[in-house]
Amino acid sequence: MRNKFRVAGISAAAAFLLAAGEAPNSDISFLNDIPPAPTETQFAPALEMVEEPHEFAEPDLGLVLPEAGTLAQLVREVRDGHAADMTDEMMCLASAVYFESKGEPLDGQLAVAQVIMNRVESGRFGRDVCGVVKAPKQFSFVRGGALPQPTNMAQWETAKAVALIAVSGSWPEVAPDATHFHATRVNPGWKLRRVATVGQHIFYR
């Protein structure tokens, strides 16, 4: 019963609208074309962006040395132009290079310096270069925590250049990640991984 009244009501409404010319094509879908009521536009308040200056600490890039095609060329250039760059730490490293390997080829001297730098990086042998070099029972040339004075000035200048190269990382590692070395004439029986033999030294990690 309710459906009959509903159908009759819809039919009457449609007839009225057709008579008024409001429903073209006998379709009541025109109701969808009625524009919606305008809505209030929400405007977000404009925010003024104020860029505050930030201060950044300049990174410590370390010692920058010239590029060279060979280690010999690099050592020569460093000897000629970076004598003033020696610090106490580098003097300790140069002393180790001089007294442990002054008669070795340049790559052997650099390998010794890099061993000491690897020890510093590991933190197990000393807090800094001098701490590593002067650690008890590590380097025989150290006596009572004191470093002897070099006597061959030409070899000393080379040792200082090699030390600077090792600290700056200007040349690839000769014996990668090595932390120990000994002369080929001895056999301490270390249970370490052998990395390389350079000149009269064997290097381990």
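Residues numbered from 1 in each chain as written. Predicted model: local features only at pLDDT ≥ 70, side-chain atom pairs only at ≥ 80, totals over all residues. Heavy atoms only, no water.

Enquirer: Explain the nonpolar core here, please?
Expert: A general trend in soluble globular proteins is that nonpolar side chains are found buried together. Counting residues in hydrophobic clusters, the biggest one holds 40 residues, and the most contacted among them are L93, I116, V133, I165 and F203. Of all the secondary-structure elements, those providing two or more residues to this core are α2 (71-81), α3 (88-101), α4 (106-122), α5 (129-133), α6 (153-168) and β2 (194-198). In terms of residue count, the dominant contributor to this core is α6 (8 residues). (Core = buried A, V, L, I, M, F, W, Y, C linked by side-chain atoms within 4.5 Å. Buried < 20%, exposed > 50% of the residue type's maximum accessible area, 1.4 Å probe, protein only. Helix = DSSP H or I, 4+ residues; strand = E, 2+ residues; numbered from the N terminus.)

Enquirer: When you look at the pattern of salt bridges in this model, what are you seeing that I'm missing?
Expert: Two side chains that carry opposite charge are able to pair once their charged atoms sit near each other. Taken as a whole and judged by the stated rule, the model has 1 salt bridge. Measuring nitrogen to oxygen at the nearest pair gives 3.1 Å for the salt bridge that ties K160 to E157. Within this pair, K160 and its partner E157 are both found in helix α6, separated by 3 residues, close to a single helical turn. Taking the relative accessible area as the measure of exposure, K160 reaches 13% and is therefore buried. (Salt bridge = Lys/Arg side-chain N within 4 Å of Asp/Glu carboxyl O.)

Enquirer: Explanation requested: the sheet that holds strand β1 (residues 180-183) in the structure shown.
Expert: To summarise the sheet geometry, strands pair through backbone hydrogen bonds and adopt either a parallel or an antiparallel arrangement. Read across the open sheet, the 3 strands follow the order β1-β3-β2; overall the sheet is antiparallel. Two strands lie at the open edges of the sheet, namely β1 and β2, each paired on one side alone. Each neighbouring strand pair of the sheet contributes to a mean axis angle of 20°, computed without reference to strand direction. As paired strands, β1 and strand β3 (residues 201-204) are joined by 4 bridges and run antiparallel to one another. Counted as the bridge partner of A183 is H201 from β3. Packed onto the sheet, α4 meets β1, β2 and β3 and runs at close to 30° relative to β3. (Pairing = 2+ DSSP bridges. Axes fitted to C-alpha atoms, helices over the stretch in contact; angles between N-to-C directions. Contact = heavy atoms within 4.5 Å.)

Enquirer: Teacher, can you tell me more about the packing of α4 against α6 here?
Expert: A packed helix pair is summarised by two numbers, namely the angle formed by the two axes and the spacing between the axes. The N-to-C vectors of α4 and α6 enclose an angle of 50°; their axes lie 9 Å apart at closest approach. As the angle between them shows, α4 and α6 are arranged oblique. Where α4 crosses over α6, the two elements pack in a sense that is right-handed. In contact with L106, Q109, L110, A113, Q114 and M117 of α4, α6 contributes T158, A159, V162, I165, A166 and V167. Here the residues of the contact of α4 with α6 are counted per class, giving 9 nonpolar, 3 polar and no charged. (Parallel < 35°, antiparallel > 145°, perpendicular 65-115°, else oblique. Left-handed = near helix turned anticlockwise from the far one by under 90°. Nonpolar A, V, L, I, M, F, W, Y, C, P; charged D, E, K, R; others polar.)

Enquirer: It is not clear to me how the confidence of the model for the chain should be interpreted in this structure. Could you clarify?
Expert: Regions with low pLDDT should not have their predicted coordinates read in detail. The share of residues in the chain with pLDDT of 70 or more is 66%, and the mean pLDDT across the chain is 78. Counting interchain partners and residues more than four positions distant, the pLDDT-below-50 stretch residues 49-61 has 0 contacts. (pLDDT = per-residue confidence, 0-100.)

Enquirer: What's the story with the pairing of β2 in this structure? I'm lost.
Expert: Each regular strand displays side chains that alternate between the two surfaces of the sheet. With 4 bridges joining them, β2 and β3 adopt antiparallel strand pairing. Each residue of the ladder has a partner; that of V198, found in β3, is H201.

Enquirer: Is there a simple way to explain the packing of α3 against α6 in this structure?
Expert: Their axes nearest at 8 Å, the elements α3 and α6 cross at an angle of 120°. Comparing the axis directions of α3 and α6 gives the class oblique. Between α3 and α6 the crossing geometry is right-handed. Facing α3, whose interface residues are M90, M91, L93, A94, S95, V97 and Y98, α6 presents Q155, W156, A159, K160, V162, A163, L164, A166 and V167. Partitioned by chemical class, the residues of the contact of α3 with α6 number 13 nonpolar, 2 polar and 1 charged.

Enquirer: Honestly, the state of the cysteines in this entry has me stumped. Any pointers?
Expert: Among covalent bonds in proteins, the disulfide is the one between the sulfur atoms of two cysteines. Evaluated as defined, the whole model comprises 1 disulfide. Covalently, C92 is tied to C130 through a disulfide, its sulfur atoms 2.1 Å apart. Looking along the S-S bond of the C92-C130 disulfide, the torsion reads about 95°, which is the right-handed sense. Highlighted residues: C92 in helix α3 and C130 in helix α5, separated in sequence by 38 residues. (Disulfide = S-S within 2.5 Å.)

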